[in-house]
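Breakdown of the fold
Letter by letter, the chains look like this.
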Amino acid sequence: MISSSKIDIFNKKGYFVVKNFLTKKEKREFSETLIKTYSNVLSEKLDKKSIHKIISQYEKNLRYDELYKAFKKYCSNQVYFRFSKRLTSLSKKIYKNKKFKVVNTGLAIGIKNSNRTSYKWHQEKPYYKDLETIHFQFPVIGSCSKKNGTMSVLEGSHQVGFQKKVNNFKKHEKAINSFIPKNIKKFEKLFREKFVNLGQRDLVVFSQYLIHKTNKNSSDKVRFAANIRLKIS
């Protein structure tokens, strides 16, 4: 499934996209589990249509703790770990003779008129300083597009290596934190920004050193993108 040309792209640009990597069954399992988990934790009757409005209302009403509880519950679901076995097989084609283990699972959430859960330019490495990792992201419901705030990358920026000098930006106590490279202005001039648009079953694979961020969601639907990070040893 992963050709040598994909690996060449990974080495050159720091990432690549695999079209339709998720099976229809896997996609359905991730989305149905998300809706069921959020319904149970929030005590709401949610479906693929209503979840966008309800989550947006919770965000608007500052009900962050309830949203975080649902987020944590979902990210610990076994659906992630079952799927990670396929990611391990994919990773072995990139890093031969290496072993892989799930180190973290997550959910990148983009909500209209909110940047609380949006990451500014950063690398993954500062979050996992003592580990070598490889990273994956894919849509849980619908797709990821420029309109709904999909991630963008500075193509080839992984070549600069680990940027230890960073500014830790956090909007407030209930927001995520971004380790922004202090030389980010320089890197924005050196490398081209590219929006990573993902179809419903697409997967993006990227390096721990790739500089990337999430963007403003200008759509009325919440962007749910699952993240899986594997430790390389």
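What comes next is a walk through the structure. (Residues numbered from 1 in each chain as written. Predicted model: local features only at pLDDT ≥ 70, side-chain atom pairs only at ≥ 80, totals over all residues. Heavy atoms only, no water.)

Per the secondary structure count, the chain includes six helices and 10 strands. Its C-alpha radius of gyration of 17 Å places the chain within 12% of the 17 Å reference for a compact globule of 233 residues. Overall size of the chain, expressed as C-alpha extent along the three principal axes, is 45 × 40 × 30 Å. Sequence separation of at least 24 residues holds for 85% of the intrachain contacts in the chain that already meet a minimum separation of 6. Just so you have it, the chain exposes about 12,400 Å², and 48% of that area is on carbon and sulfur atoms. Averaging the positions of the 52 positive and the 18 negative side-chain charges in the chain gives two centres separated by 3 Å. (Helix = DSSP H or I, 4+ residues; strand = E, 2+ residues; numbered from the N terminus. Rg over C-alpha atoms; globule rule 2.2 N^0.38 Å. Contact = heavy atoms within 4.5 Å. Areas by Shrake-Rupley, 256 points an atom, 1.4 Å probe, with all protein chains shown as cover. Lys, Arg positive; Asp, Glu negative; His and termini not counted. Charge placed at Lys NZ, Arg CZ, Asp CG, Glu CD.)

Turning our attention to the packing of helix H2 (residues 24-42) against helix H3 (residues 50-60). It is the contact of H2 with H3, at a shortest axis distance of 12 Å, that shows an interaxial angle of 45 degrees. By the angle between their axes, H2 is oblique relative to H3. When you trace H2 past H3, the crossing you get is left-handed. Contact with H2, carried on its side by Leu34, Ile35, Tyr38 and Leu42, involves Ile51, Ile55 and Tyr58 of H3 and no other residues of that element. Tallied by class, the residues present in the contact of H2 with H3 amount to seven nonpolar, no polar and no charged. (Axes fitted to C-alpha atoms, helices over the stretch in contact; angles between N-to-C directions. Parallel < 35°, antiparallel > 145°, perpendicular 65-115°, else oblique. Left-handed = near helix turned anticlockwise from the far one by under 90°. Nonpolar A, V, L, I, M, F, W, Y, C, P; charged D, E, K, R; others polar.)

As summarised here, the arrangement of the three strands in space is E7-E4-E9, forming an open sheet in which the pairing is antiparallel. A strand with exactly one partner marks an edge of an open sheet, and here the two such strands are strand E7 (193-195) and strand E9 (212-213). (Pairing = 2+ DSSP bridges.)

Moving on, we get to the pattern of salt bridges. Under the counting rule described, the total for this entry stands at 12 salt bridges. The shortest N-O distance in the salt bridge between Arg86 and Glu26 comes to 2.6 Å. You can see Arg86 sitting in helix H5 (residues 78-94) and its partner Glu26 sitting in helix H2, a full 60 residues away along the chain. Residue classification places Arg86 among the partly exposed positions, given a relative accessible area of 26%. Note that Glu155 and Arg192 form a salt bridge whose closest N and O atoms lie 2.8 Å from each other. Linking Glu155 in the loop between strand E4 (152-154) and strand E5 (166-170) with Arg192 in the loop between helix H6 (184-190) and E7, this pair joins segments that are 37 residues apart in sequence. Taking relative accessible area as the criterion, Glu155 reaches 12% and is therefore assigned buried. (Salt bridge = Lys/Arg side-chain N within 4 Å of Asp/Glu carboxyl O. Buried < 20%, exposed > 50% of the residue type's maximum accessible area, 1.4 Å probe, protein only.)

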